[in-house]
Amino acid sequence: MTLIEEPKPLRHPEKAHRPDNEVKRKPDWIRVKAPTSAGYAETRELMRGLNLKTVCEEASCPNIGECWAQKHATFMIMGETCTRACAFCNVATGKPQALDALEPFRVAQAIAKLGLAHVVITSVDRDDLDDGGAGHFARVIAETRRVNPVTTIEILTPDFKQRAGAAATIATARPDVFNHNLETVPRLYASVRPGARYFTSLHLLASVKEHDPSIFTKSGIMVGLGETREEVLQVMDDLRAADVDFLTVGQYLQPTPKHLSVDRFLPPEEFQGLEAAARAKGFLMVSASPLTRSSYHAGDDFARLRTAREAQLARALLAQA
Ligand code: SF4
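Small disclaimer: the values here were computed from a predicted structure and weren't measured.

A tally of helices and strands in the protein chain yields 11 helices and eight strands. Against the 2.2 N^0.38 benchmark of 20 Å for 321 residues, the protein chain shows a C-alpha radius of gyration of 19 Å, consistent with a compact globule. Projected onto its principal axes, the C-alpha coordinates of the protein chain cover approximately 85 × 45 × 40 Å. Expressed as a percentage of the 321 residues in the protein chain, the buried residues total 43%. In the protein chain, of all internal contacts separated by at least 6 residues, the share reaching a separation of at least 24 is 76%.

With that out of the way, let us pick up the site of the ligand. Neighbouring residues of the ligand: Val55, Cys56, Cys61, Asn63, Ile64, Cys67, His72, Ala73, Thr74, Arg293, Ser295 and Tyr296. Only helix H2 (55-58) and helix H3 (64-69) provide two or more residues apiece to the shell around the ligand. Among the residues forming the shell around the ligand, the class breakdown is seven nonpolar, four polar and one charged.

Taking 1.5 Å per residue, 14 residues should reach 20 Å; helix H5 (residues 134-147) reaches 20 Å between its end C-alpha atoms and fits that length. Of the residues making up H5, those classed as buried are Ala134, His136, Phe137, Ala138, Val140, Ile141 and Thr144. Packed against the buried residues of H5 are strand E2 (74-77), helix H4 (103-114), strand E3 (118-123), strand E4 (152-156) and helix H6 (166-173).

Next up on the list: the nonpolar core. Counting 79 residues, the largest nonpolar core has Val107, Ile121, Phe137, Ile170, Phe246 and Leu247 as its most contacted members. Dropping the residues within four chain positions of it, Leu247 is found in contact with Ser219, Gly220, Met236, Leu239, Ala278, Phe283 and Val286.

Turning to unusual backbone geometry, a few remarks are in order. Positive phi, close to 65°, is recorded for Lys71, a residue that is not glycine. Tracing the backbone shows Lys71 in the loop between H3 and E2. The class for Lys71 is partly exposed, based on 15 C-beta atoms found within 10 Å. Positive phi outside glycine occurs at Lys161, with the angle close to 55°. Structurally, Lys161 can be placed in the loop between E4 and H6.

Attention now moves to the packing of H6 against helix H8 (residues 198-211). Where H6 contacts H8, the two axes come as close as 9 Å, and the packing angle between them is 45°. Comparing the axis directions of H6 and H8 gives the class oblique. Here H6 runs over H8; the crossing is right-handed. For the pair H6 and H8, the contacting residues are Ala166, Ala167, Ala168, Ile170 and Ala171 in the first and Leu204, Ser207, Val208 and His211 in the second. Split by residue class, the contact of H6 with H8 holds seven nonpolar, two polar and no charged.

Next up on the list: the pairing of E3. By the criterion of burial, E3 is predominantly enclosed, with five of the six residues buried. In the sheet, E2 pairs with E3 via four bridges, with the strands oriented parallel. Residue pairing in the sheet places Ile77 in a bridge with Ser123 of E3. Regarding the hand of the β-α-β motif, the stretch spanning E2, H4 and E3 is right-handed. Judged from the five bridges that link them, E3 and E4 form a sheet pairing that is parallel. In the sheet register, His118 faces E4, and the bridge partner there is Thr152.

Turning our attention to the sheet that holds E4. Pairing in this open sheet of eight strands is mixed, and the strands run E1-E2-E3-E4-E5-E6-E7-E8 from one edge to the other. Whereas interior strands pair on both sides, the edge strands pair on one side only; in this sheet they are strand E1 (53-54) and strand E8 (285-288). Of the pairings in the sheet, the one linking strand E6 (residues 216-223) to strand E7 (residues 246-251) comprises six bridges and is parallel in character. Note that in E7 the partner of Gly220 across the bridge is Thr248.

This part covers helix H11 (residues 298-320). Between its first and last C-alpha atoms H11 spans 33 Å; for 23 residues at 1.5 Å apiece the expected length is 33 Å, and the two agree. Among the residues of H11, Ala298, Asp301, Phe302 and Leu305 are the ones counted as buried. Close packing links the buried residues of H11 with E3, E4, strand E5 (177-179), E6, E7 and E8.

Thresholds, definitions, all that
Residues numbered from 1 in each chain as written. Predicted model: local features only at pLDDT ≥ 70, side-chain atom pairs only at ≥ 80, totals over all residues. Helix = DSSP H or I, 4+ residues; strand = E, 2+ residues; numbered from the N terminus. Rg over C-alpha atoms; globule rule 2.2 N^0.38 Å. Buried ≥ 20, exposed ≤ 12 C-beta atoms within 10 Å, placed from the backbone. Contact = placed C-beta atoms within 7 Å. Near = placed C-beta within 6 Å. Nonpolar A, V, L, I, M, F, W, Y, C, P; charged D, E, K, R; others polar. Expected span 1.5 Å × (residues − 1). Core = buried A, V, L, I, M, F, W, Y, C linked by C-beta atoms within 7 Å. Axes fitted to C-alpha atoms, helices over the stretch in contact; angles between N-to-C directions. Parallel < 35°, antiparallel > 145°, perpendicular 65-115°, else oblique. Left-handed = near helix turned anticlockwise from the far one by under 90°. Pairing = 2+ DSSP bridges. Right-handed = clockwise from strand over helix to strand, strands pointing away.

In structure tokens:
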């Protein structure tokens, strides 16, 4: 008997009919080693065993070998199918499945098994849900905290379908860090992030901080998509005006020929220049390098963020004395 295999669903059906874009050769400073460590294999096994998804795999993150060797994985909740179709992102797009009510428990258990001091939890966009998924994030935070009371929690969220109540739902759940990426400069939104609005994303960041100023806020952009330095400096000013604490800047890498081409690879010195500019604008923390990603070294960076805030408060008290 001949078995006929079902064709695999396309990861990006909306891009399949488009012509391929040019794939530029990566410069030496971008190259990373293939993941081979025992820690990497263990993390992979655990994720498979608990049927959990990570953005590390789904987005083909170049840092997976390094992060997973140290059991640093970024959980991706609410399924593996995104309802948006951003031109830079390798997460599969299409019609998502129903929410899994047991997911908060499985995430909390996995965090306990990995023994994480700091966890990063992200998700696909869920524009099919009335609240864009804000309530599910809140349930995952609550269960994570119940099972892992000393683990600090960082969430990296979509814009929750631009719903007005989402910021309050998230702030009430009290993650330690609220991260929402602007991804690029406003001029490029129509081609890079067509389903999103720059000022709505900024407003979400500002709103979470207004609801609870003790929550650290964080945002990131990719560079190498055709933006100018002046535009990046303007994004920094906008984020400071929204009282965002932590900025990440990393090189855009093209996941497949169907995704946007890299406009240019910025050399490491240019990232250092951007980091210096961002620090001068008053961010508590800045991470800018070719391989910087939102969740790269997030645990260590969280410790530095806390120290930076304490130092800032101490300086303010001294100035008042
Ligand atoms: S940088 Fe973030 S997304 Fe990439 S492998 Fe590390 S934890 Fe995963």
